Amino acid sequence: MKGDKNTTNAIEILHRRYIKDQPERKATLQEERISAQVAQLIYDLRKDAGLNQKQLADLVGTTQSVVSRLEDSDYEGHSLSMLAKIAKVLNKQVKIDTVEVNLEALSLRQAFQLLMKLLRKKAGLNVEQFAHKVGIEPYSVIELEQNISHRPSPIMLFKLSNFYKIPQIKLNFLAGATREIPSELQNQASQFAAQSDSFAKLTKEEKELLDEFVKFLREENR
């Protein structure tokens, strides 16, 4: 029962910090979620069609740099009309639906993103250097750190596990590859996501928080 209570408290911390009764934060969270989803959809559509960014740009009458920005979840110029245009030239149709936000799942994905970004920064590696050392593509690193809807492949999780010496099963939980999440891990991940803040640089507090969370993940009996 204690673990359940702690988990609930951690989720409430996350909710109070990012949402609560603040309309502007609710709007921002929703905008970020939509941007991430649109960026991922454009990337998936292009990859499924076997096109590079320039080829897709030629089809929709734009430039490669525009397509590159559209595939970046941090880009603020996403639009459903552009997504629909891209889908049309690829013989697809955009369908809009609404789903209830699962705060527990959201906190796990946030924790995974933060963990990947902070660990890379702690190692003093840029995206290209990290990708080379782990054996993955640079765009995959960006997906890991910026796209909250991204689901890394088992082989990628295996490589990350080996590189960071964190059991793959723990990364599977955080990345959403496994549904049955231990309550203690859910609680720790939620608190990690709720307490992490600025990423302009790795502060002393962020380093301590990161070290504590990684220590928890590496413990064999957890």
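You'll find the structure just up there.
Okay, so let's go over this structure. (Residues numbered from 1 in each chain as written. Predicted model: local features only at pLDDT ≥ 70, side-chain atom pairs only at ≥ 80, totals over all residues. Heavy atoms only, no water.)

### Section: the overall build of the protein chain
(1) Moving on: Of the regular secondary structure elements, the protein chain holds 12 helices and zero strands.
(2) Moving on: Reading the helices (α) and strands (β) of the protein chain from amino to carboxyl end gives α-α-α-α-α-α-α-α-α-α-α-α.
(3) Moving on: Put simply, of all contacts in the protein chain between residues at least 6 apart along the chain, 68% involve residues at least 24 apart. (Helix = DSSP H or I, 4+ residues; strand = E, 2+ residues; numbered from the N terminus. Contact = heavy atoms within 4.5 Å.)

### A closer look at helix α5 (residues 80–89)
(1) Moving on: Every buried residue of α5 is listed here: L83, I86 and A87. For α5, the angular spread of buried residues about the axis comes to 100°, placing them on one side. Summarising the geometry of α5, the exposed residues directed more than 90 degrees from the buried face are S81 and K88.
(2) Moving on: Just beyond α5, the residue with positive phi is N91, at close to 60°. (Buried < 20%, exposed > 50% of the residue type's maximum accessible area, 1.4 Å probe, protein only. Arc of directions from axis to C-beta.)

### Examining the pattern of salt bridges
(1) Moving on: Applying the stated rule across the entire model yields four salt bridges.
(2) Moving on: As a salt-bridge pair, K54 and D58 come within 3.2 Å of each other at their nearest N and O atoms. Remark: D58 and K54 occur in helix α3 (residues 53–60); sequence separation between them is four residues, near one turn of the helix. Per residue, the accessibility class of K54 equals that of D58, and both read exposed. (Salt bridge = Lys/Arg side-chain N within 4 Å of Asp/Glu carboxyl O.)

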